[in-house]
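Residue-level structural notes
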Amino acid sequence: MIAREQVILSGHNLSKSFSKGQKQGTAVLANINFDIYAGDFVTILGQSGGGKSTLLKILGGFLSPTSGTISFHGQPLKGIDPKIGMVFQENNLYPWLNVEQNIAFGFKIRGEKLRSYIQKVNAAIAQVSLSHARKLYPHQLSGGMKQRVAIARSIAVQPDVLLLDEPFSALDIQLRRRLQDFLLSIWEQTSTTMVLVTHNIEEAILLGQKLIVIGGQPGKILESIDISASCFRHRYHPEFIQLEQYLEAAIEKDITFREAQRTARELKILKASNN
Ligand SMILES: Nc1ncnc2c1ncn2[C@@H]1O[C@H](COP(=O)(O)OP(=O)(O)OP(=O)(O)O)[C@@H](O)[C@H]1O
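First, a word on what this report is: a plain description of the structure on this page. This structure is a prediction, so every number in the text was calculated from the model and none was measured.

1. Digging into the sheet that holds strand 7 (residues 161-165)
- Read across the open sheet, the six strands follow the order 6-7-8-3-9-10; overall the sheet is mixed. Lying at the two open borders of the sheet, with one neighbouring strand each, are strand 6 (84-87) and strand 10 (220-226). On average, adjacent strands in this sheet sit at an angle of 15° to one another, irrespective of strand direction.
- Across four bridges, the pairing between strand 6 and strand 7 is parallel. Bridging across to strand 7, V87 finds its partner in L164.
- Contacts from helix 4 (residues 143-156) reach strand 6 and strand 7, with the element oriented near 175° to strand 6.
- Across the sheet, helix 5 (residues 173-190) lies against strand 3 (41-46), strand 7 and strand 8 (193-198), angled at about 160° from strand 8, the strand it touches most.

2. Things to note about the packing of helix 2 (residues 99-109) against helix 3 (residues 114-127)
- In contact at an axis separation of 10 Å, helix 2 and helix 3 are set at 140° when each is read in the N-to-C sense. Classified by the angle between their axes, helix 2 and helix 3 sit oblique to one another. Like other packed secondary-structure pairs, helix 2 and helix 3 cross with a definite hand, here right-handed. On the side of helix 2, the interface is formed by E100, I103, A104, F107 and K108, while helix 3 contributes Y117, K120, V121, A124 and I125.
- Across the contact of helix 2 with helix 3, the residue classes tally to seven nonpolar, no polar and three charged.

3. Concerning the environment of I32
- For I32, the position within the fold is in strand 2 (residues 27-37).
- In sequence terms I32 and I221 are 189 residues apart; their C-alpha atoms lie 6.3 Å from each other.
- Residues within four places of I32 in sequence aside, it is in contact with G11, H12, N13, L14, L55, I214, G219, K220 and I221.

4. Regarding the sheet that holds strand 4 (residues 67-72)
- Spatially, 2-1-4-5 is the arrangement adopted by the four strands of the open sheet, whose pairing is antiparallel. Each edge of the open sheet is held by one strand with a lone partner, namely strand 2 and strand 5 (75-76).
- Relative to strand 2, strand 1 (residues 7-17) runs antiparallel, the two sharing seven bridges. Its bridge partner lying in strand 2, S17 is registered against A27.
- Each of strand 1, strand 2 and strand 4 touches helix 1 (residues 52-59); the most contacted strand, strand 2, lies at about 55° to it.

5. Describing the packing of helix 4 against helix 5
- Running from N to C, helix 4 and helix 5 point in directions that differ by 20°, and their axes come no closer than 11 Å. The angle between helix 4 and helix 5 falls in the class roughly parallel. Crossing angle aside, the handedness with which helix 4 passes helix 5 is right-handed. Seen from helix 4, the contacting residues are G144, Q147, R148, I151 and I155; seen from helix 5, they are L175, L179, F182, L183 and I186.
- Its residues placed into classes, the contact of helix 4 with helix 5 shows seven nonpolar, two polar and one charged.

Reading the values: the criteria
- Residues numbered from 1 in each chain as written.
- Predicted model: local features only at pLDDT ≥ 70, side-chain atom pairs only at ≥ 80, totals over all residues.
- Heavy atoms only, no water.
- Pairing = 2+ DSSP bridges.
- Helix = DSSP H or I, 4+ residues; strand = E, 2+ residues; numbered from the N terminus.
- Axes fitted to C-alpha atoms, helices over the stretch in contact; angles between N-to-C directions.
- Contact = heavy atoms within 4.5 Å.
- Parallel < 35°, antiparallel > 145°, perpendicular 65-115°, else oblique.
- Left-handed = near helix turned anticlockwise from the far one by under 90°.
- Nonpolar A, V, L, I, M, F, W, Y, C, P; charged D, E, K, R; others polar.

Here is the structure:
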């Protein structure tokens, strides 16, 4: 396992609200604090709509927090940084480019010469085991192959941190498991810091060394768990199963809490309109 050296990415008192026209919108995230160490594999777990993607977009510099700061290598993050890569749920490949052109795209738009990046592109294609498919276009690839190309495109530029937003959620269970193993092998080979968002409890425990659970409304960190070495990557280990059950209960409690909150708000609306 990669040694933990230094904090690479951290969030301090992050909050996010989306404004609705002139009005202040509903708060999606509040008071989020965390440190991610270089080489870590962190998973962020939470219910659908709980603010996970919003948090990941803030970490990637795609969205600004309403308050709070992100530090990257100890400096405030002020927007998109080429050293932070992102893989989205939909692979976002360019349909008119083949596999190797898609992977080379980032270098090309930066005006780099082919000879300066071709080795990195070839290495990324080999890492995702797609050498045989390098001339194929996205419509000729399976769902799993497309996600591998999206991951290759992100790792080719050798980011320090790779953010992954539910990258396997559209895939069937067998393929999802194969790609989970494949992502772990890339993490082991490259020592890239990985932050993966998922609402799948098993995936969160299986991939993460550290697991952050987001819940509540607005979303806060409910739990920050170090996965113990004994059940690390062992799907059928009793500790793994216990943790899975614990997290199911915690998330279920969060859903119940949020439903109760919603009902309370609705009652208030009814009361207000009755007056
Ligand atoms: N650009 C936006 N403008 C307004 N509201 C937004 C915007 N992006 C997200 N939201 C709202 O923020 C909340 C959290 O959304 P987010 O996508 O972060 O949740 P999530 O936990 O990633 O959900 P899922 O697992 O379903 O993708 C939702 O209520 C969503 O409607």
